[in-house]
Amino acid sequence: MGVRKKQMAERLKEEKKSIAFAKLNNCPTSPRKMRLVVDLIRGKKVEDALNILKFSSKEAARRLDKLVLSAIANWQAKNEDADVAEAGLFIKEIRVDGGAMLKRLRPAPQGRAHRIRKRSNHVTLVLGQAINTEVN
């Protein structure tokens with residue numbers, strides 16, 4: 001590997017240390033219901049987001065709670081020497097995309113059938129680290 005390529009790889013590795021992500025695929029909740037909960041925590045600090053999810057009565061909040069904890073664990077794996085409380089982690093990006101749809105038929109009057117769409121979603125969560133919190 002050349003010198004410039006190696007320097008670029010080291011710089012990218014350092015930049016990626018401050019972010020961590022977690023994904024939740026094929027969650028059996030409709031994307032619309034998940035987005036209602038996701039909008040509550042977007043851009044918040046991790047501690048605040050966990051408190052909001054803990055006291056939310058929505059079922060999607062339980063799944064997002066586990067996802068945030070997973071993202072924190074992923075960040076800790078990248079930064080073994082750093083402390084989570086002092087890092088100033090916040091939810092940099094959280095995205096809900098539609099997943100696979102199970103299509104079922106339900107009997108309807110006069111011999112007809114109505115289609116039932118059982119939706120699922122994919123959630124991608126990116127944690128960012130607040131700048132100027134590092135102690136040199």
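Look above for the structure.
Residues numbered from 1 in each chain as written. Predicted model: local features only at pLDDT ≥ 70, side-chain atom pairs only at ≥ 80, totals over all residues. Heavy atoms only, no water.

Can you walk me through helix α4 (residues 59–78) in this structure?
Since there are 3.6 residues in each turn of an α-helix, residues three or four apart along the chain are aligned in direction. Taking 1.5 Å of rise per residue, 20 residues should cover 28 Å, and α4 covers 30 Å from first to last C-alpha, within 8% of that figure. All of the buried residues in α4 are A60, A61, L64, L67, V68, A71, I72 and W75. For α4, the arc enclosing every buried residue in end-on projection is 140°, short of the 170-degree limit, so these residues lie on one face. Exposed and oriented more than 90 degrees from the buried face of α4 are K66 and A77. Buried residues in α4 make contact with β1 (20–27), α2 (31–41), α3 (46–54), α5 (84–87), β2 (89–98) and β5 (121–129). (Helix = DSSP H or I, 4+ residues; strand = E, 2+ residues; numbered from the N terminus. Expected span 1.5 Å × (residues − 1). Buried < 20%, exposed > 50% of the residue type's maximum accessible area, 1.4 Å probe, protein only. Arc of directions from axis to C-beta. Contact = heavy atoms within 4.5 Å.)

What am I meant to see in the environment of A100 here?
Along the chain, A100 turns up in the loop between β2 and β3 (102–107). A C-alpha to C-alpha distance of 5.8 Å links A100 and S120, two positions 20 residues apart in sequence. Apart from the residues within four sequence positions on either side, A100 is in contact with N26, K118, R119 and S120.

What is the right way to look at the pairing of β5 in this model?
In summary, the side chains of a regular strand alternate between the two faces of the sheet. Counting buried residues in β5 gives eight out of nine residues, a clear majority hidden from the surface. Pairing geometry for β1 and β5, over six bridges, is antiparallel. Note on β5: the bridge partner recorded for A22 is L125. Pairing of β2 with β5, which is carried by nine bridges, proceeds in the antiparallel orientation. Within β5, the position partnered with L89 by the bridge is Q129. (Pairing = 2+ DSSP bridges.)

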